[in-house]
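Coordinate inspection notes
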Amino acid sequence: KTLKRVQSELTGYWKYLRSLGLAPKGSSPFADLEIHGADSTSWVPFRPSEVVALRDAATTRGDHVLTDLITLAMWTGARIESLCSLKVAAVHGDYIRIEDDKTDAGTREVPVHSRLMPTLQRLCDESRDGFVLSGLPTSKYEDRSDAIGKRFGRLKTALGFGKKHVFHSIRKTVTTILENAGIPENVTADIVGHEKPRITYGLYSGGTEMSVKRKAIELLTYPSV
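The present account deals with the structure reproduced in this document. (Residues numbered from 1 in each chain as written. Predicted model: local features only at pLDDT ≥ 70, side-chain atom pairs only at ≥ 80, totals over all residues. Heavy atoms only, no water.)

Some remarks on helix H1 (residues 2–19)
Definition in use: Under the DSSP-based scheme used, a helix requires at least four consecutive residues in state H or I and a strand at least two consecutive residues in state E, with every element numbered from the N terminus. The span you would expect from a helix comes to 1.5 Å times its residue count less one. Summary of the burial criterion: residues with accessible area below 20% of their type's maximum are buried, those above 50% are exposed, and those between are partly exposed, where the area comes from a 1.4 Å probe applied to protein chains only. What the arc covers is the set of directions going from the helix axis to the C-beta atoms.
End to end, H1 covers 26 Å across 18 residues, agreeing with the expected 26 Å (1.5 Å per residue, within 8%). For H1, every residue scored as buried is listed here: Gln7, Thr11 and Leu17. When H1 is viewed along its axis, its buried side chains cluster within an angular range of 120° and face the same direction. Structural note: H1 exposes Ser8 and Ser19 on the side pointing more than 90 degrees away from its buried face. Immediately downstream of H1, the backbone of Gly21 shows phi near 80°, a positive value.

Next up, the structure:
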């Protein structure tokens, strides 16, 4: 879906260049490109106990930043890119504001789970660069999630997980837990930043109130946590 969205944006921009006379008329180099990429629908969620095992394994390895990243993900359902770029200024006491996500729906306010609060407060207090996950190296593409994402990949492989399990699988775990807890789809969508599938809530609703999202997110539970 991301590749197709980028292709659509490039095609639209090329049309704009043609309208200005800056690109040859009749040309459309991006319109007919075939999209080849990983099928994200093949990714599967971790079981809650597996998320805990991954977090504990990161701690055992002494990779405390990875431990904190997994902790943030398991209590918020946020994408790795959003968590790695999350700034201390976006933490407002008992909720965080995620702005730099993939879609308009990704801009959202997420309640802080009571089990996450101590970790989040510590990370904010210890930050040296304004980011919640402080000190992450940045790639040449200004990506703060690349290196730690690879560390997670090595960790999950060492624990016996294959290609269908990725960091995004934790996001699917959170969604699965909320579904099984009986949380309405529109509420979960507002928590994890998904587009709402139906027109009434998708186009006309102002969104789920924070109090409702807070009750929902507090239903996230993990074994021995």
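That covers the picture; the talk isn't over yet.
Some remarks on the nonpolar core
Heads up, the condition is: Here, the term nonpolar core denotes a set of buried Ala, Val, Leu, Ile, Met, Phe, Trp, Tyr and Cys residues that are joined through side-chain atoms within 4.5 Å. Residue contacts are counted whenever heavy atoms from the two residues lie within 4.5 Å of one another.
Grouped together as the largest cluster of nonpolar side chains are 48 residues, with contacts concentrated most on Leu69, Ile70 and Leu120. Per-element tally for this core: the top contributor is helix H3 (residues 64–76), with seven residues. Excluding its chain neighbours within four sequence positions, the residues that come into contact with Leu69 are Ile80, Leu83, Cys84, Leu133, Ile148 and Phe167.

Quick notes on the packing of aromatic side chains
We apply this condition: What counts as a ring pair is set by centres within 6.5 Å for rings of Phe, Tyr and Trp (its six-membered ring), and what kind of pair is set by the plane angle: stacked under 30 degrees, edge-to-face over 60, tilted for all other angles.
Within this structure, the stated rule accounts for six aromatic pairs. Ring centres of Trp14 and Phe30 lie 6.0 Å apart, and the angle between their planes is 75°; on these two criteria the pair is classed as edge-to-face. Within this pair, whereas Trp14 is found in helix H1, its partner Phe30 is found in the loop between H1 and helix H2 (48–60), the two being separated by 16 residues in sequence. Under the relative-accessibility criterion, Trp14 is labelled partly exposed at 21%. Summarising the aromatic geometry, the rings of Phe152 and Phe167 are spaced 5.0 Å apart at their centres and angled 80° between planes, so their arrangement reads as edge-to-face. With Phe152 in helix H6 (residues 146–158) and Phe167 in the loop between H6 and helix H7 (168–180), this pair connects stretches of sequence that are 15 residues apart.

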